[in-house]
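Letter by letter, the chains look like this.
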Amino acid sequence: LRCRFFRGPVVFLDKTCIPQNDPGLQKKCIVKLGAFLCYSNTMLICYTDLYLKRLWTTYEVASYLSLYPADRIKMLPPSVPVIFVGGSTLLWIFNVTGLFL
């Protein structure tokens, strides 16, 4: 995801960028994963017990490892992004509403 005027990192969030409910479209997107991975500096995985049980996420990791060394893959427990997004959302709400703790 990239904002037109923001020069920060580009993020490909597979859970939102690959359709979860349309098998045909999902297959087309999975075939194109290599194009996204080729331009990725780092792969950040929010790891759960289900992550490597899905074929396309295993394919994603294997594809990345065929391009880059394993030390470019970072793994997080699923609680970290939840805390980050929740905290960021609260800060945004406080900023918009003018409320402070």
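Here the structure is a predicted model, which is why all the values come from computation and not from measurement.

Analysis parameters
- Residues numbered from 1 in each chain as written.
- Predicted model: local features only at pLDDT ≥ 70, side-chain atom pairs only at ≥ 80, totals over all residues.
- Heavy atoms only, no water.
- Helix = DSSP H or I, 4+ residues; strand = E, 2+ residues; numbered from the N terminus.
- Buried < 20%, exposed > 50% of the residue type's maximum accessible area, 1.4 Å probe, protein only.
- Contact = heavy atoms within 4.5 Å.
- Areas by Shrake-Rupley, 256 points an atom, 1.4 Å probe, with all protein chains shown as cover.
- Expected span 1.5 Å × (residues − 1).
- Phe/Tyr/Trp six-rings, centres within 6.5 Å; stacked < 30°, edge-to-face > 60°.
- Core = buried A, V, L, I, M, F, W, Y, C linked by side-chain atoms within 4.5 Å.
- Pairing = 2+ DSSP bridges.
- Right-handed = clockwise from strand over helix to strand, strands pointing away.
- pLDDT = per-residue confidence, 0-100.
- Polar contact = N/O pair within 3.5 Å; in protein donor to acceptor, adjacent residues only side chain to side chain.

Asker: An account of the overall build of the protein chain is requested, with residue identities and associated values reported.
Answerer: Regarding its fold elements, the protein chain presents 5 helices and 2 strands. Start at the N end of the protein chain and walk to the C end: the helices and strands fall as α-α-α-β-α-β-α. The proportion of buried residues among the 101 residues of the protein chain is 19%. In the protein chain, of all internal contacts separated by at least 6 residues, the share reaching a separation of at least 24 is 53%. Surface summary for the protein chain: the accessible area is close to 8,100 Å², and the carbon and sulfur share equals 69%.

Asker: Before we move on, can you summarise helix α4 (residues 55-67) with the specific residues and values?
Answerer: In this model α4 runs 19 Å from its N-terminal to its C-terminal C-alpha over 13 residues, within 8% of the 18 Å that 1.5 Å per residue would give. Buried residues in α4 make contact with α1 (14-17), α2 (23-31), α3 (33-38), β1 (43-46) and β2 (73-76).

Asker: Describe the packing of aromatic side chains, and please don't skip the residues or the numbers.
Answerer: Applying the stated criterion across every chain, the model contains 2 aromatic pairs. The interplanar angle of 45° and the centroid separation of 4.9 Å between the aromatic rings of Tyr64 and Tyr68 together place this pair among those described as tilted.

Asker: Quick one: what's the story with the nonpolar core, residue by residue and with numbers?
Answerer: It is characteristic of soluble globular proteins that their nonpolar side chains tend to be buried jointly. By size, the foremost hydrophobic cluster in this structure holds 8 residues: Leu37, Met43, Ile45, Tyr51, Val61, Tyr64, Tyr68 and Ile73. Contributions of two or more residues to this core are made by β1 and α4. Those residues in contact with Leu37, other than ones at most four positions away along the chain, are Met43, Glu60, Ser63, Tyr64, Leu67 and Tyr68.

Asker: Talk me through the pairing of β1; I want residue IDs and the actual numbers.
Answerer: Side chains of β1 alternate between two faces, with Met43 and Ile45 buried and Leu44 and Cys46 left unburied. The pairing of β1 with β2 spans 4 bridges and is parallel. By the bridge assignment, Ile45 is partnered in β2 with Met75. The handedness of the β1 to β2 crossover, carried by α4, is right-handed.

Asker: Explain the confidence of the model for the protein chain residue by residue, including any values.
Answerer: A residue-level look at the protein chain finds 84% of positions with pLDDT of 70 or above and a mean pLDDT of 79. Ranking the helices and strands of the protein chain by mean pLDDT puts α4 first, with 89, and α1 last, with 73.

Asker: So what's going on with the side chain of Ser40? Which residues, and what values?
Answerer: By secondary structure assignment, the location of Ser40 is in the loop between α3 and β1. You can call Ser40 buried: its relative accessible area is 19%. At 2.9 Å, the side chain of Ser40 and the backbone oxygen of Phe36 are in polar contact. Those residues in contact with Ser40 that sit more than four places away from it in its chain are Tyr64, Tyr68 and Arg72.

Asker: Any details on the environment of Pro19? Residues and values, ideally.
Answerer: Note that Pro19 resides in the loop between α1 and α2. You can call Pro19 partly exposed: its relative accessible area is 21%. Spatially, the C-alpha atoms of Pro19 and Ile30 are 9.6 Å apart, while their sequence positions differ by 11 residues. Apart from residues no more than four positions distant in its own chain, Pro19 is found in contact with Leu25, Gln26 and Cys29.

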